[in-house]
Amino acid sequence: MTNDPYAADAARYDSMDYPRCGRWGLRLPRISLGLWQNFGGHHPLDRQRGIILAAFDMGITHFDLANNYGPPPGSAETNFGGIFARDLAPYRDEIIVSTKAGYYMHPGPYGEWGSRKYLLSSLDASLSRMGLDYVDVFYHHRPDPDTPIEESMMALDQAVRSGKALYAGISNYGPAETEEAARILAELGTPLLIHQFKYSMYERTPEDGLLDALDQVGAGSIVFSPLAQGMLTDRYLTGIPAGSRITHSQFLHEEQVTETYLARTSALNEIAAGRGQSLAQLALQWVLRGGRVTSALVGASSVAQLKANVAALDFPELTEAEIAAIEPHAVHGTYYA
């Protein structure tokens, strides 16, 4: 890692918008940086540092992690913590750090899901890896079918009351589970700040009640995979590039590049081109349309890629006519086909 000292860009807040999370006071950037992929132990630290610092210079104040991000699990938090200590510690009060627990982290009966034991011990381990006294948002990463929601929410409440987290969030909860979690947290006195869920032109499940539930309970929202793991880009329209994510990802497979996928994605790409933007930029604007989503999480493998994604915010908002033109091609399940 290079030794150049870092000083944040003085103009970093000039062009980013910061909407509130639901009815609460916390503001998030419209684009946030997710460290799910490209920030584990197998990726060069210099590249990670460059992306993270460029993000902050562009007004991205929110860095989203989870205990198991890597690989190996925990390495993204460790790497982020080192970069934070070296470069971003003076700006701690300007930065939102979130982490999560719920998916598999370690062997044994206390290494995943939603017990108080697992959630609180995981938070302690995350803080240790990142070298932080607190995180801004602590999420339960997925509902646990065998643990009452009450127990998981009591753990989030305890995390906030202990000062180890400022806000409580949930991820991957369905509409009814979201309403129940919000009710329990409200009774405990720690409101539900935010829900993180998958949403894109090709993943529209949140429209089946979840967005309405969030409006009802007053929580904010942040979406992951708004580009459908890169399937909502022009990357695969003329073939599968060697070394591209689909050739090695556990979440994508070359068989997903079907004729149906290519037809729909080509049509969306033409709409984007008509607006003078990339398909990725159109996809980001689409999930942010109408103000129902607080922030969109993007990953990045380079500074150039991150800058291109953030540039989506420079284009005019989608018109009703453009949204209507997109609709026939924005079909749920397309990239699972």
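For every chain, the first residue of its written sequence is number 1, and the numbers climb from 1 along that sequence. Side-chain atom pairs in this predicted model are given and counted only at pLDDT of 80 or more, local residue features only at pLDDT of at least 70, and totals for whole chains, interfaces and linings cover all residues. Side-chain descriptors were evaluated using all non-hydrogen atoms of the structure, hydrogens and water having been removed beforehand.

The name that an unreviewed UniProt entry assigns to the protein chain is Aldo/keto reductase, with the source organism given as Demequina lignilytica. Under Sequence similarities (unreviewed entry), UniProt gives the following word-for-word description of the protein chain: "Belongs to the shaker potassium channel beta subunit family." UniProt positions are given in the numbering used here, feature names are shortened, and annotations may be inferred rather than shown by experiment.

Draft legend 1. Region of the structure containing the pattern of salt bridges. We define a salt bridge as a contact between a side-chain nitrogen of Lys or Arg and a carboxyl oxygen of Asp or Glu at a distance within 4 Å. Inspection of every chain in the model, using the stated rule, returns 17 salt bridges. With its nearest N and O atoms 3.0 Å apart, the salt bridge here joins Asp136 to Arg92. Within this pair, whereas Asp136 is found in strand 4 (residues 135-140), its partner Arg92 is found in the loop between helix 2 (75-88) and strand 3 (96-101), the two being separated by 44 residues in sequence. Judged by its relative accessible area of 5%, Asp136 is buried. Of the charged contacts, one joins Arg292 and Asp215 as a salt bridge, the two residues approaching to 2.6 Å between their closest N and O atoms. Of this pair, Arg292 sits in the loop between helix 8 (279-287) and strand 8 (295-298) while Asp215 is found in helix 6 (residues 210-217), placing the two residues 77 residues apart along the sequence. Overall, Arg292 belongs to the partly exposed group, its relative accessible area being 34%. Under the scheme applied here, a residue whose accessible area is under 20% of the maximum for its type counts as buried, over 50% as exposed, and between as partly exposed, the area being computed with a 1.4 Å probe on protein chains only. A residue is classified by how much of its surface remains accessible, and Asp215, at 47% relative accessible area, is partly exposed. Overlapping salt bridges, with partners in common, bring together Arg204, Glu207, Arg289 and Glu327 in one network. The numbering of helices and of strands both runs from the N terminus, where a helix is a DSSP run of H or I of at least 4 residues and a strand a run of E of at least 2.

Draft legend 2. Region of the structure containing the environment of Gly34. Along the chain, the position of Gly34 falls in strand 1 (residues 31-34). On the basis of relative accessible area, Gly34 is assigned to the buried category, the value being 10%. Sequence-wise, Gly34 and Phe63 are 29 residues apart; in three dimensions their C-alpha atoms are separated by 6.0 Å. Only heavy atoms matter for contacts: two residues are in contact if any of them lie within 4.5 Å across the pair. Apart from the residues lying within four places of it in its own chain, the contact partners of Gly34 are Phe39, Asp64, Leu297, Val298 and Gly299.

Draft legend 3. Quick peek at helix 7 (residues 259-274). Between its first and last C-alpha atoms helix 7 spans 23 Å; for 16 residues at 1.5 Å apiece the expected length is 22 Å, and the two agree. Those residues of helix 7 lying buried are Tyr261, Thr265, Ala267, Leu268, Ile271 and Ala272. The buried residues of helix 7 occupy an angular sector of 155 degrees when projected down its axis, which confines them to one face. Relative to its buried face, helix 7 has exposed residues pointing more than 90 degrees away, namely Glu259, Glu270, Ala273 and Gly274. Downstream of helix 7 by one or two residues, Gly276 has phi in the positive range, about 75 degrees. Any helix carries an expected span of 1.5 Å times its number of residues minus one. Each C-beta atom gives one direction from the helix axis, and the arc is the one those directions make.

Draft legend 4. Molecular detail of the side chain of Ser75. Locating Ser75 in the fold gives a position in helix 2. Residue class for Ser75 comes out buried when judged on its relative accessible area of 9%. Setting aside anything within four residues of it in sequence, one finds Ser75 in contact with Phe39, Gly40, Gly41, Tyr69 and Gly70.

Draft legend 5. Quick look at the packing of aromatic side chains. Ring pairs shown here join Phe, Tyr and Trp side chains whose ring centres sit within 6.5 Å, with only the six-membered ring taken for Trp; geometry is labelled stacked below 30 degrees between planes, edge-to-face above 60, and tilted in between. One pass over the structure, following the stated rule, counts nine aromatic pairs. Measuring from ring centre to ring centre gives 6.1 Å for Tyr13 and Tyr18, while their planes differ by 65 degrees; the resulting arrangement is edge-to-face. A relative accessible area of 34% means that Tyr13 is categorised as partly exposed. Overall, Tyr18 belongs to the buried group, its relative accessible area being 16%. Taken together through their ring pairs, the aromatic side chains of Tyr6, Phe56 and Tyr91 make up a single cluster. Across from the ring centre of Tyr110, 5.8 Å away, lies the NZ or CZ of Lys117, which sits over that ring. Only when the NZ of Lys or the CZ of Arg is both within 6 Å of the ring centre and within 35 degrees of the ring normal is a charge said to sit over the ring. The ring of Trp286 carries Arg289 above its face, with NZ or CZ at 3.7 Å from the centroid.

Draft legend 6. Focus on the side chain of Thr147. Within the secondary structure, Thr147 sits in the loop between strand 4 and helix 4 (149-161). There is a polar contact of 2.7 Å between the side chain of Thr147 and the side chain of Asp144. Excluding its chain neighbours within four sequence positions, the residues that come into contact with Thr147 are Gly114, Ser115 and Ser152. Definition of a polar contact: a pair of N or O atoms within 3.5 Å, with one able to donate and the other able to accept a hydrogen when the atoms are protein atoms, and with sequence-neighbouring residues admitted only if both atoms are side-chain atoms.

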